[in-house]
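# Observations on the three-dimensional arrangement
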Amino acid sequence: MTHTKQPGSQGGRRHGVARVLSKLGVCSRSQAEAAVRAGRVGVDGRVVRDPEYPVEAERQQLSLDGVAVAAAQRVYLALNKPRGIVVSAADERGRDTVYGLLRDAGLPWLGPVGRLDKASEGLLLLSNDSIWAAGITEPDTHLEKTYHVQVAGLPGAAALAAMQAGVREGADLLKARRVALLRTGEKNAWLEVVLDEGRNRHIRRLLAALGIDVLRLVRVAIGPLALGELAKGQWRHLDADEVAQLRRR
């Protein structure tokens with residue numbers, strides 16, 4: 001009886017080809033899935049069109065547009081995102097994206113590690129190391145993110161306590177791990193807000209629920225990594241120690 005040998009059938013770990021391309025740092029998972037369906041990906045010289053087609057990355061040769069795929073050099077960047085641009089590879093409304101700040105830098109594909117909405121600014125990480133990125137963004141790591149938030153009005157001690165106690169909005173309990181008053185003016189104040197989880201528009205929704213308007217929101221640190229003196233719109237490579245400090249095993 002003749003048996004058809006399946007990919008990776010000699011005992012290695014197999015994963016869907018789209019996932020493998022993403023893990024190699026070649027492109028995002030969604031981009032890989034689209035490339036496979038478009039017939040742009042080959043496995044051992046054979047075009048495959050199923051993103052879940054099982055491959056053993058260590059033993060099989062993958063290609064994209066006829067070019068052999070190898071693991072991309074790992075790149076880790078810190079960028080000071082300006083207000084008014086979106087964190088997206090392409091925007092359907094034609095708005096400026098953070099990738100315009102990286103144009104002509106000769107970098108491989110990079111994905112954002114977490115998000116900042118269009119109106120927010122400050123520290124944004126980008127990398128093609130999806131495992132490292134997941135360790136930063138997964139909720140159960142409880143990695144602290146620190147924000148400086150300018151608000152309308154002069155919130156008192158009761159408002160700061162309410163931010164830490166939390167408010168429920170639908171199914172979400174929105175709260176801050178820590179809140180401190182940094183400085184006040186005549187009509188507004190700056191708060192330091194620390195989160196150890198991050199829901200969509202977390203701080204804006206929390207403050208809105210308490211009747212507080214946000215004027216500016218700047219992320220100044222992720223874990224031990226501070227934005228520091230990095231100029232708005234500029235980026236830099238993380239060094240090995242910084243990458244290691246943010247790594248969650």
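In case you missed it, the structure is sitting above this.
Quick summary incoming for the structure in this document. None of the values given here were measured: they were computed from a predicted structure. (Residues numbered from 1 in each chain as written. Predicted model: local features only at pLDDT ≥ 70, side-chain atom pairs only at ≥ 80, totals over all residues. Heavy atoms only, no water.)

The subject of this paragraph is the overall build of the protein. A tally of helices and strands in the protein yields six helices and 17 strands. By its C-alpha atoms, the protein is 80 × 40 × 40 Å across when sized along the principal axes. Buried residues in the protein amount to 42% of all 249 residues. In the protein, 65% of the contacts between residues at least 6 apart in sequence involve partners at least 24 apart. (Helix = DSSP H or I, 4+ residues; strand = E, 2+ residues; numbered from the N terminus. Buried < 20%, exposed > 50% of the residue type's maximum accessible area, 1.4 Å probe, protein only. Contact = heavy atoms within 4.5 Å.)

Applying the stated criterion across every chain yields a total of one aromatic pair. Ring centres of Y76 and W132 lie 4.8 Å apart, and the angle between their planes is 75°; on these two criteria the pair is classed as edge-to-face. Of this pair, Y76 sits in strand β7 (residues 76-81) while W132 sits in helix α3 (residues 130-137), and the two are 56 residues apart along the sequence. (Phe/Tyr/Trp six-rings, centres within 6.5 Å; stacked < 30°, edge-to-face > 60°.)

The next subject is the sheet that holds strand β2 (residues 41-43). Reading across the sheet, the four strands line up as β3-β2-β5-β6 and stay open at both edges, with antiparallel pairing between neighbours. The open sheet is flanked by β3 (46-47) and β6 (67-68), the only strands paired with a single partner. With two bridges connecting them, strand β5 (residues 62-64) and β6 associate as antiparallel partners. Bridging across to β6, S63 finds its partner in A68. (Pairing = 2+ DSSP bridges.)

The next subject is the nonpolar core. Counting residues in hydrophobic clusters, the biggest one holds 30 residues, and the most contacted among them are V149, V193, I203 and L207. Counting only elements with at least two residues in this core, the list comes to β7, β9 (121-127), β10 (145-152), α4 (157-165), β14 (188-195), α5 (202-209) and β15 (214-222). Of the residues forming this core, the biggest block, four residues, is contributed by β14. Counting 17 residues, the second largest nonpolar core, distinct from the first, contains V17, V20, C27 and L64. (Core = buried A, V, L, I, M, F, W, Y, C linked by side-chain atoms within 4.5 Å.)

Structurally, the position occupied by V214 is in strand β15. Separated by 24 residues in sequence, V214 and W190 place their C-alpha atoms 9.9 Å apart. Discounting chain neighbours no more than four positions away, the residues touching V214 are V149, Q150, R204 and L207.

All right, on to the pairing of β9 then. For β9, the tally of buried residues reaches seven of seven residues, placing the bulk of the element in the interior. Note: β7 against β9, six bridges, orientation antiparallel. If you follow K81 over to β9, its bridge partner there is G122. Two strands pair when backbone bridges link them, and strand β8 (residues 111-113) and β9 are joined in this way by three bridges, in the antiparallel orientation. Paired with V113 across the strands is L125, a residue of β9.

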